[in-house]
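# Notes for the structure review
The chain contents come next:
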Amino acid sequence: GNSVTQMEGPVTLSEEAFLTINCTYTATGYPSLFWYVQYPGEGLQLLLKATKADDKGSNKGFEATYRKETTSFHLEKGSVQVSDSAVYFCALNTGTYKYIFGTGTRLKVLA
Amino acid sequence: ETGVTQTPRHLVMGMTNKKSLKCEQHLGHNAMYWYKQSAKKPLELMFVYNFKEQTENNSVPSRFSPECPNSSHLFLHLHTLQPEDSALYLCASSMGQGTYEQYFGPGTRLTVT
């Protein structure tokens, strides 16, 4: 079946460090891929998405590239801020109403 | 109000109570979803409605009963819950499926005592 695997957290970084959160997927067909972020006490909000191979999604300094050959969609940011501390979820959809989410990766950024 | 709203934000109920969670979306979307979020587990899809018709029921116990009177409103009726049902319940909506992203409400934190 379809699935998403994310790296276990928490990931702890100093401010201005480089961030990578790994996400790999298993899916039939050509899924759309998403990254969501959840701040404390809030619901999930879309961070970026990519709908076909080699697409790069980007938003607020975050980027992720849809790599079909490695079935990956790793999230990167060049310089993290304390305000980026949150839980990040990778997700996919293969064209149904079932969105498949990873378990989430908690990011802590220290000043 | 904009986006997706949920009420109440917090709910404590006993195992014999009956309560309801409410979700409203102001985005003109066609599809609405209920998810359960528990610590250290992936988001669990519970129910999906598209144009008021239920399209997914992810083997959810009958003590959870959804209702979708129109495309903007979604309810989750709760009765005789168990302590393991304590979780954050998230509502979401989307314009469609596949490439469309979901918009989430802030959630209802449910505690079953």
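Just so we're clear, the structure is a prediction, and the values are computed from it rather than from any experiment. (Residues numbered from 1 in each chain as written. Chains lettered and ligands numbered in written order. Predicted model: local features only at pLDDT ≥ 70, side-chain atom pairs only at ≥ 80, totals over all residues. Heavy atoms only, no water.)

Below, the discussion takes up the interface of chain B and chain A. Counting residues at the interface gives 27 residues for chain B, matched by 21 residues for chain A. Summing both partners gives a buried area of about 1,900 Å² for chain B against chain A, and 54% of it is carried by carbon and sulfur. The tally of links from chain B across to chain A stands at 2 salt bridges. A salt bridge links Lys49(A) to Glu101(B); the shortest N-O distance between them is 2.7 Å. (Contact = heavy atoms within 4.5 Å. Buried area = accessible area lost by both parts, 1.4 Å probe. Salt bridge = Lys/Arg side-chain N within 4 Å of Asp/Glu carboxyl O.)

It is worth spelling out the side chain of Asn93(A) at this point. Checked against the element boundaries, Asn93(A) lands in strand β10 (residues 86–93). For Asn93(A), a relative accessible area of 0% corresponds to the buried category. Reaching out from Asn93(A), the side chain makes a polar contact with the backbone nitrogen of Gly95(A) at a distance of 2.6 Å. Those residues in contact with Asn93(A) that sit more than four places away from it in its chain are Pro31(A), Ser32(A), Phe34(A), Lys98(A), Tyr99(A), Gln97(B) and Gly98(B). (Helix = DSSP H or I, 4+ residues; strand = E, 2+ residues; numbered from the N terminus. Buried < 20%, exposed > 50% of the residue type's maximum accessible area, 1.4 Å probe, protein only. Polar contact = N/O pair within 3.5 Å; in protein donor to acceptor, adjacent residues only side chain to side chain.)

Right, let's talk about the sheet that holds strand β1 (residues 4–7) of chain B for a bit. All names here are of chain B. Sheet architecture is open: 4 strands sit in the order β1-β3-β8-β7, paired in antiparallel fashion. Taken across any chain shown, the strands that pair with only one partner, and hence form the sheet edges, are β1 and β7 (64–70). Geometrically, the sheet is characterised by an average inter-axis angle of 20 degrees between neighbouring strands, direction not taken into account. Here 5 bridges tie β7 to strand β8 (residues 73–79), and the two strands are oriented antiparallel to one another. (Pairing = 2+ DSSP bridges. Axes fitted to C-alpha atoms, helices over the stretch in contact; angles between N-to-C directions.)

Below, the discussion takes up the packing of aromatic side chains. This structure, assessed with the given rule, holds 12 aromatic pairs over all chains. Between Phe101(A) and Phe104(B), the aromatic rings sit 6.1 Å apart at their centres with planes inclined by 80 degrees, giving edge-to-face as the arrangement. Here Phe101(A) is found in strand β11 (residues 99–101), whereas its partner Phe104(B) is found in strand β10 (residues 103–104) on a different chain. For the pair shown, Phe101(A) and Phe104(B) are each scored as buried. Among the aromatic residues, ring-to-ring pairing joins Phe34(A), Tyr36(A), Tyr99(A), Phe101(A), Tyr33(B), Tyr35(B) and Phe104(B) into one connected group. (Phe/Tyr/Trp six-rings, centres within 6.5 Å; stacked < 30°, edge-to-face > 60°.)

Attention shifts here to the nonpolar core. All names here are of chain A. Of all hydrophobic cores here, the largest spans 25 residues; its most connected members are Leu19, Trp35, Leu48, Phe73, Leu75 and Tyr88. Counting only elements with at least two residues in this core, the list comes to β2 (11–14), β3 (19–21), β4 (23–26), β5 (32–38), β6 (44–50), β8 (62–65), β10 and β12 (105–110). In contact with Leu75, not counting residues within four places along its chain, are Leu19, Thr20, Ile21, Trp35, Leu47, Leu48, Phe62, Glu63, Ala64 and Tyr88. (Core = buried A, V, L, I, M, F, W, Y, C linked by side-chain atoms within 4.5 Å.)

Cis geometry is found at the peptide bond from Gly9(A) to Pro10(A), where omega equals -5 degrees. Note that the residue after Thr7(B), namely Pro8(B), is joined by a cis bond; omega there is -5 degrees. One can find Pro8(B) in the loop between β1 and β2 (10–13). Within the chain, Asp54(A) stands out as a residue other than glycine whose phi angle is a positive 75 degrees. Here Asp54(A) shows up in the loop between β6 and β7 (56–59). Residue Thr71(A) is not a glycine yet carries a positive backbone phi of 40 degrees. Following the sequence through the fold, Thr71(A) ends up in the loop between β8 and β9 (75–77). What makes Thr71(A) partly exposed here is its relative accessible area of 31%.

On to the sheet that holds β9(A), then. Within a sheet, neighbouring strands are paired by backbone hydrogen bonds and run either parallel or antiparallel to one another. Residue and element names in this part refer to chain A. The 4 strands are arranged β3-β9-β8-β7 in an open sheet whose pairing can be described as antiparallel. Of all strands in the sheet, those with a lone pairing partner are β3 and β7, marking the two edges. Mean inter-strand twist for the sheet, computed between neighbouring axes without regard to direction, equals 15 degrees. Taken together, the 3 bridges between β3 and β9 define a ladder with antiparallel strand orientation. Across the sheet, Ile21 pairs through a bridge with Leu75, a residue of β9.

Interpretation in functional terms is not warranted from these geometric data alone.
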